[in-house]
Amino acid sequence: MLPAATRSIEGLLAGGAGAHVAADELQRLRRKLDDVASLAADAEAREGSDASARAWLRALREVLYELGDADADFRRAAAQPQEGRKSFRHWFMLPPNVNVIRYKTLRTSITSLNMKLDGILNKGSEFGLLSDTHETLNEISEFSGQVVPDDDTVGDIDSEKNKLIDRLTDRQSANGVVAILGASGMGKTTLAWKIHDDHRTRNAFSMIVWVNVFSDSDDIGLLSAIVTAAGGNPRGEKDRMKLEAILAAMLIGKRFLLVLDGLCGHHIFEHSLDAHWHVFGHGNRILITTQDESVVTKVKPAYIHQVKELTFQDCWSLLCRTAHHDESLHGNNLRNIGIMIIQKCNKIPMAIKIVGVVLRTKEQTKVAWQRVYESKGWSFRDLLDPLTGAIYLGYHDLPARLKQCLIYLSLFPEGSVIRQQFVGQLWVSEGFIEEQDSCNVEKTADEYYRELVSRKLMQPEIGNHDITRCTMHKQIRSFLQFFSKDEIFSGDLKPSINGTSIEGLRHVWLRSNDPATNLEEIVALSSLKTVILYKNPVGNHGLDKLFQGVKYLQVLDLGDTEIKYIPSTLEFLVHLRLLNLSLTRITELPESIECLRNLQFLGLRYCNWLHTLPKGIGKLQNLRSLDLRGTSLHQVLPTLENLKLLSTLHGFIVNCTPNREEDPSGWPLEDLNSLNALRSLQILKMERVSDGLRMQKAMLENKSHLKELELCCTTDDRQAEVREEDARTLKETFDHFSPPKCLNSLKMVSYYAKLCPDWLPHISNLQRLVITDCKFCEHLPDLGQLAQLKFLTIAGFSKLLTIEQEPTSAKQSFPKLEQLYLKDMQILESWTGFESGDMPSLVKFRLESCPKLRCLPSGIKYSKVLTSMHIYHADSLEAIEDLTVLKELVLQACDELMKISNLLLLEALIVMGCSRLEDVNGVHYLRHVRIEDRELRRSPEWLRSHASVLQTFTIVGTKELLERLLPNGEDWGIIRDINKVYANLPDESPFFTYTKDTADFHVDQRIMEHGRPPVAIADEIVQADLTTALGNSVEMTSRIGVPRVPVIRISTFKRVIRRYLVLYLVMVLIVMQVLSYWLQNKTTREIWLIQTLFIFFATVLLLFLVFLD
């Protein structure tokens, strides 16, 4: 905040305020800020252990906020005369001397601030704060910022994982709940995710539900989260029984695993989920991670797994990896001090990683490491958690510019995803990012974000290695909240929070689910700078007062709320820098938006009712981002050519002529000429540009900052052919465009020319390429020349017959390609021309809906790191061969596939609907197989040769197929040597499970209710002590939320009815004929009465026989 305060004073002096406000007062204030800055560094070094230092810093921040408000008031008043000239009153009445008033107000504020800073400096002296004598940990001026992927194989985690999977998949285990217990940062979530992601787990359970449990959730919130994670919609339901009924309907009949990550004792108190742990009967499991030992006592009977403490050797190895310390170069001279640091970390992996990064910024000397060991940060004890000392050390080691950015992230609700782009916009809006000559603020914000990830203070979202989506550990967030609780809050707004008044709050994220949320309550907090209501069900009521009352607002996020219109009082938010209205039902924006001269980021994504923009947007000269992605504009009014700072522009619709007045349905492409700060650009309706010269005038090749580009055309999905002239015109138009060399991501959508642009294979720095829905394109250029390409998607090429790779002796094709995705190529037959050494870096390959493809792209077999391959609907593919490093293969609906061979390292094979697959060989490491086929009549014979090495086998098919696998069935011999077998019906309901090691065979109870399968135990099976459970061992338990009721054996009733019905009908027919003959002299009434009585007593007899049966 101090740099921002200094910039404010310099701006006032440069703007002429010094001529009206005593210049010496402003200069005096600037000098005091310099004095305070030197003391602040010492106060920050002490704040971990000294409450008075924290109080001093809070008082300083309050003064700096007041300075910012005074500057804002001055600038706000400066805009008033200019607006006054537009009023009728201005011309007939003498306006007050507004300048005199605002300068007088500013002078009063500056004088007051000087006095307050005098008091703060005096307090600092009383506390013993010293100038420029604070502890300096950061001895290396530049941090590399390189994000090093976490190595999850810490300690003995794999053996722990295997042990818990065995427990979860053991049918005879009496524990339906498995709890992973351990302190924060010990790796509980990592262990649970490894279990969740393992093939043995995925084969054992037909449904796996992962739920992140937040500490402030109650039992209703937890139930709602489970319903949502299972694919349902709780619709804001607050009734426990109704939520349980919704969950019951979704999970009934399935063998499922429910993972609750971060459970606390208060989530399962009386009348909560603890009454329903053993849901849906046999084989279902719940996996819990918790640091709360009270949870263990509430979920009995449960198996408790205490996370193992790392050995010192494991800790030392982890510390060396994180600190980039190579013992082979430096010897053992740092080992002893390293062990002492590990002891301070309590041998907690997360703490070791954070401190290891701190050590990475130091010289590899004993003196430097000793200084870290003796740091005052270890003494932080205000939060009773063993992680706190390491977190404080990592926080204290940050440069001042990063500390405020990190603390601001405590605004994000617990467990929420922190998106890189959004965070960067927030930081810029709050003034945390300083302008630098060498790079723009967005690039600087990205560097800050990556450094925080590198320092292990944020981590990629669980199961995702993309650092653009991160989360923050619960304990790190709690630590940051400790320092920011007086200023930053997220949750439901109340008059006081934990006994602390909310009047001093500056940044709030309100996430109430109550539709009655009153915006007028926010207005009372007139000093707010940030209000985020994302996904809050708030409507328009009170919005007008919010705009008028919170005059210092810099960030306003109303995304995905229920608002339908924006009042014209939006003009009062003159200091607003970020406005997000995405996913709302607004139909228009007021012209008063032109008054938001400080606005930098405007989000209008997927506003489906918004069809036009006001002209005033063209006057927002500080605008950096205009995001219209997914919003269909019919009329575009504002000019963009004056928005020189615009770096993100999505949803730019091109009109048909360079003249805006002639065609207001879009922008002239030429408007892009002056937007030289663009970093991300999406252009729509490119087919409107019929003249290549217009493309040249856009000067896109000169955009030296442009990193991401999306070019979209519009085509009719029903159109079977394209006119030659139209295709040729589009090709010529695109050829006139030269992409800048700095471009690293390109997406082309609905390009309908028959040949791709000539420049496509020559974008030297391109890393990501997506070409989709180009259904008339007949030829692809040699994309293998893109030496930096890492991600390639080609989809929707309906006319593409073959792809020919041009062999070159000079260099490899696709040397850095990591992921390849081919989809919807209806006539593609082959991709050939690769040579040995091509595609060496390919990790993942996905093929979908290419029915004519006879063989896989030949370059795939040359990959040295290929781990995963998914193939769907490749109807002509006959064989998959010679992929010697592939580990996972998923196949679906490959009707002609007959052979899989020479996949030497293959571990997991999933086959869905490939009924002709007959030959699987050369897969010596195959351990997990899953087969889903509704048409299969017998088990594939190739399974027999691999049965002895398979750990798990899951088969989903018809009842007739599964009955063949029973111990007396024809295919029993195929599976009898497999360690674990799971047989499910087509609806994923379990049929039977079999475990070889324990000789346990169990047929699900529901199958018994529909008729006992003919299981007969052969002599040789009996000798193997195989136990066959036919439902009797299964305890019938009540469904979650459903009261216990008697089991009605409907299937048995139907079977008995069928047994007696024929006999009953035959008897009735014969007796009726006899009675008709005997009673022929009786009246019709008498005959009808006797026959009716006979039918009645015969039916009673039938029901009696059924009851006895």
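The shown structure was predicted, so the numbers you read here are calculated from the model rather than taken from an experiment. (Residues numbered from 1 in each chain as written. Predicted model: local features only at pLDDT ≥ 70, side-chain atom pairs only at ≥ 80, totals over all residues. Heavy atoms only, no water.)

## Comments concerning the sheet that holds strand β31 (residues 879–881)
Taking strand neighbours across the sheet as the criterion, the three strands line up as β31-β33-β35 in an open arrangement whose pairing is parallel. In this open sheet, the two edge strands, each paired with only one partner strand, are β31 and β35 (919–921). Across this sheet, the average inter-strand angle for adjacent strands is 5°, counted without regard to direction. By the bridge criterion, three bridges tie strand β33 (residues 899–901) to β35 in an arrangement that is parallel. Note that in β35 the partner of Lys 899 across the bridge is Asp 919. (Pairing = 2+ DSSP bridges. Helix = DSSP H or I, 4+ residues; strand = E, 2+ residues; numbered from the N terminus. Axes fitted to C-alpha atoms, helices over the stretch in contact; angles between N-to-C directions.)

## Observations concerning the packing of helix α15 (residues 335–344) against helix α17 (residues 366–373)
Look at α15 against α17: their axes get within 10 Å of each other, and the N-to-C directions meet at 15°. By the angle between their axes, α15 is roughly parallel relative to α17. When the axes of α15 and α17 are compared, the crossing they make is left-handed. Taking contact as the criterion, the partners of Ile 337, Gly 338, Met 340, Ile 341 and Lys 344 in α15 are, on α17, Trp 369, Gln 370 and Tyr 373. (Parallel < 35°, antiparallel > 145°, perpendicular 65-115°, else oblique. Left-handed = near helix turned anticlockwise from the far one by under 90°. Contact = heavy atoms within 4.5 Å.)

## Things to note about the confidence of the model for the protein
Averaged over all residues, the pLDDT of the protein is 83; the fraction at 70 or higher stands at 86%. Here residues 1014–1025 is modelled with pLDDT under 50, and outside its nearest four sequence neighbours on either side it reaches 17 contacts, counting other chains as well. Contacts of residues 1027–1052 to residues separated by more than four positions or lying in other chains number 56 contacts, the stretch itself having pLDDT below 50. (pLDDT = per-residue confidence, 0-100.)

## Remarks on the sheet that holds strand β8 (residues 469–471)
If you walk across this open sheet you meet the three strands as β6-β8-β7, and the pairing is antiparallel. Two strands close off the open sheet at either side, each with one partner strand: β6 (418–419) and β7 (459–460). Of the pairings in the sheet, the one linking β7 to β8 comprises two bridges and is antiparallel in character. In the sheet register, Gln 459 faces β8, and the bridge partner there is Thr 471.

## Notes on the pattern of salt bridges
Where side chains of opposite charge bring their charged atoms close, a pairing between them can arise. A complete count under the given rule lists 43 salt bridges for this structure. Salt-bridge contacts for Lys 754 lead to Glu 724; the nearest nitrogen and oxygen are separated by 2.3 Å. Residue Lys 754 is found in the loop between β23 (745–749) and β24 (768–772), and its partner Glu 724 is found in helix α26 (residues 724–735); the two are separated by 30 residues along the sequence. Glu 724 gets classed as partly exposed once you look at its relative accessible area, which sits at 46%. In this structure, the salt-bridge partner of Arg 930 is Glu 932, at a minimum N-O distance of 2.7 Å. In this structure Arg 930 comes out as buried when scored by relative accessible area, which is 9%. (Salt bridge = Lys/Arg side-chain N within 4 Å of Asp/Glu carboxyl O. Buried < 20%, exposed > 50% of the residue type's maximum accessible area, 1.4 Å probe, protein only.)

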